[in-house]
Structures are given as structure tokens and as C-alpha cells.
Amino acid sequence: MSQGCIEQGVKSSKDTSQSNKPLFNHPELFTHTRSATQNKILRAENQPIRPEAIPFDLVDKMKRILEESGGIGIAAPQIGINKQAIIIVRTDKPDSPMQAYFNPRLTWVSKTLSKDYEGCLSVPDGVGLVERPSDITVRYLNELGEEHEETLSGIMARVFQHEIDHLNGILFIDKKLDQPLLSVEEYLKMKAEQK
């Protein structure tokens, strides 16, 4: 099993003290546990973004919240905005930049599946084991409003699928295998014991 998204999220945080704090506890995040209104927004349809109307203020806000929360990815509905925008920490690139993607959609998924633990900024209850395609191709608009297509594997394929699910009103708890959620602390302890 590859290194989990949660551990990647902890490592992506520039604040090293984040690893000693509970993750997924940012006051600006919408969660499925706070209120019916927040859950309704997380489950709603999300509007596409026009190439000539890239919302840079939204991008800045999402990047700030993602950095402060110590996550590896975030989608606009997680901060109450029903737009098709995601930010991902690209741990597969030098310096792990945070990059924005608009109207992302999967154009191909592999038949090969892999299981790994996932957590979510909108699911503070814990992390769960999710099976997803190992490789994907995704088409999106970048911050310049240009269309691109990219093939991804491993953690990045998983993170993109997780964030695209948010744009379709899906949380990882809808897809997790039939096992109880682990707390972040339990998950990190389990990973440490496996080493």
C-alpha cells in the first residue's frame, strides 16, 4: 500500500507543528457534521467556471485555508462556494506547489485499483480505507484559463479523484470500505508501527 493521503497532508504543511495538532479543524471549513446547511452545500451541484472569469480571490482564499489546515487538497464547496474549483498540493513536483484546477473531469481511469487511507477537511471524524483507480487522466482549466490534460498515478491520482468527487457532492465516506473510521492519531500510529 502506498503512503497515505493523510500522511502526505501532514508532510505538506509548512507549519511543522501541524503534525502534533488535530487536522481538519479549520473554522472556515464546511463539514458534514456541523449543520444541515453545511452538509447541503457539500452535497450540492457545483457551477463550472468560465475561462475568462477565473476567480483569483477564491483561489487565494482556498490556498490560505489549505495551508493553515495542513491538508493536501481542497475543493470550493468545502468553504461554502459551489464552484468547480480545486487546489492540490503537488507533492509530485519540485517544492510541492499549490496549484488550482477548474472544471476538472476524468477522461480515463485505469482498471487497476488500489486501496489507501483517505481523510478529508470536511470529515473531521477520521480516516477510512478507499479503493480507487490507480491511474487517471484528468482534463481541466489552469489559472490562465487554458485547457490541459494530464495523466496521473499513485497519490496524485487519488487526491485528484477525491477532490473531483467533492465537485459532484461525494465525500470519501460514501466510498470507503466497510470498516470503521480511524482517528488521525490512530492512523499515524498504525503507519509508524508498520515501518
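Counting from 1, residues in each chain are numbered in the order their sequence is written. Since the coordinates come from a predicted model, pLDDT governs what is reported: local features require at least 70, and pairs of side-chain atoms require 80 or more to be given and counted, while whole-chain, interface and lining totals use all residues. The side-chain values count all of the structure's non-hydrogen atoms but skip hydrogen atoms and water molecules.

Visitor: I'd love a proper account of the overall build of the chain, names of residues and values included.
Guide: A tally of regular secondary structure across the chain gives five helices and seven strands. Where helices and strands are cited, they refer to DSSP runs of H or I of at least four residues and of E of at least two residues respectively, numbered from the N terminus. If you list the helices and strands of the chain from N to C, you get α-α-α-β-β-β-β-β-β-β-α-α. Looking at the chain as a whole, 49% of its 195 residues qualify as buried. Counted over contacts in the chain with a minimum sequence separation of 6, partners at least 24 positions apart contribute 67%. Surface accessibility in these figures is a Shrake-Rupley result with a 1.4 Å probe; residues are shielded only by whichever protein chains are displayed. Roughly 9500 Å² of accessible area belongs to the chain as shown, and the carbon and sulfur atoms make up 50% of that amount. We call a residue buried when its accessible area falls under 20% of the maximum for its residue type, exposed when it is over 50%, and partly exposed in between, using a 1.4 Å probe and counting protein chains only. Residue contacts follow a heavy-atom distance rule, with two residues in contact if any of their heavy atoms lie within 4.5 Å.

Visitor: Lay out the nonpolar core in plain terms, naming residues and giving numbers.
Guide: Core analysis: the biggest nonpolar cluster contains 34 residues, and Met62, Ile74, Phe102 and Phe160 have the highest contact counts within it. Among the secondary structure elements, those contributing two or more residues to this core are α3 (56–69), β1 (73–75), β2 (85–89), β3 (98–109), β6 (135–141) and α4 (154–167). With seven residues, the top contributor of residues to this core is α4. When near neighbours in sequence (up to four residues on either side) are disregarded, Ile74 contacts Leu29, Met62, Ile65, Leu66, Ile79, Ala85, Ile86, Ile87, Leu121 and Glu163. Only buried Ala, Val, Leu, Ile, Met, Phe, Trp, Tyr and Cys residues count toward a nonpolar core, and they belong to the same one when joined by side-chain atoms within 4.5 Å.

Visitor: Now, about the pairing of strand β4 (residues 113–120): what can you tell me, with residues and values included?
Guide: Put simply, side chains in a regular strand alternate between the two faces of the sheet. Pairs of strands are assigned from DSSP output, requiring at least two bridges between the strands. Where β4 meets strand β5 (residues 123–133), seven bridges bridge the pair, whose relative direction is antiparallel. Residue pairing in the sheet places Leu113 in a bridge with Pro133 of β5.

Visitor: Quick rundown of α4? Include the residues and the values.
Guide: Any helix carries an expected span of 1.5 Å times its number of residues minus one. Under the 1.5 Å per step criterion, the end-to-end length of α4 is 21 Å for 14 residues, consistent within 8% with the ideal 20 Å. Within α4, 13 of the 14 residues are buried, leaving the element largely enclosed by the surrounding structure. In the segment just after α4, Gly169 is the residue with positive phi, at about 75°.

Visitor: Describe the sheet that holds β3, and please don't skip the residues or the numbers.
Guide: Spatially, the five strands line up as an open sheet ordered β1-β2-β3-β6-β7, and their pairing is antiparallel. The open sheet has two edge strands, β1 and β7 (147–153), and neither has a second partner. Strand-to-strand twist across the sheet, computed as the mean angle between neighbouring axes with direction ignored, equals 40°. Judged from the five bridges that link them, β3 and β6 form a sheet pairing that is antiparallel. Considered in β6, the bridge of Val109 is made with Ile136. Note on geometry: axes are lines fitted to C-alpha atoms, helical ones only across the stretch in contact, with angles between N-to-C directions running from 0 to 180 degrees.

Visitor: Just give me the short version of the pairing of β3, but keep the residues and values in it.
Guide: Here β2 runs beside β3; their pairing, made up of five bridges, is antiparallel. Bridging from a neighbouring strand, Val89 pairs with Met98 of β3.

Visitor: Go over the environment of Asn103 with me, naming the residues and quoting the values.
Guide: Here Asn103 lies in strand β3. Distance in space between the C-alpha atoms of Asn103 and Leu167 is 8.7 Å, their sequence separation being 64 residues.

Visitor: So what's going on with the side chain of Thr137? Residues and values would help.
Guide: Relative to the assigned elements, Thr137 resides in strand β6. Classification of Thr137 as buried rests on a relative accessible area of 9%. Under this definition, polar contacts are N or O atom pairs within 3.5 Å; protein pairs additionally need one hydrogen-donor-capable and one acceptor-capable atom, and for neighbouring residues in sequence, both atoms have to be side-chain atoms. In terms of polar contacts, Thr137 uses its side chain to reach the side chain of Thr151, at 2.9 Å. Residues contacting Thr137, with those up to four places away along its chain left out, are Arg105, Leu106, Thr107, Trp108, Glu149, Glu150 and Thr151.

Visitor: Quick rundown of the packing of aromatic side chains? Include the residues and the values.
Guide: Under the pairing criterion, centres of Phe, Tyr and Trp rings, with the six-membered ring standing for Trp, must be within 6.5 Å; the plane angle then separates stacked pairs below 30 degrees from edge-to-face pairs above 60, leaving the rest tilted. For the coordinates displayed, the defined rule picks out three aromatic pairs. With centroids separated by 4.7 Å and ring planes inclined at 90°, the aromatic side chains of Tyr101 and Tyr140 adopt a geometry described as edge-to-face. Of this pair, Tyr101 sits in strand β3 while Tyr140 sits in strand β6, and the two are 39 residues apart along the sequence. A relative accessible area of 2% places Tyr101 in the buried class. By relative accessible area, Tyr140 is classed as buried at 9%.

Visitor: Can you break down helix α5 (residues 184–194) residue by residue, with the values?
Guide: Listing the buried residues of α5 in full gives Val184, Tyr187 and Lys191. Burial along α5 is one-sided: seen end-on, the buried residues are contained in an arc of 65°. Across from the buried face of α5, at angles greater than 90 degrees, the exposed residues are Lys189 and Glu193. By arc we mean the arc of the directions from the helix axis to the C-beta atoms, nothing more.

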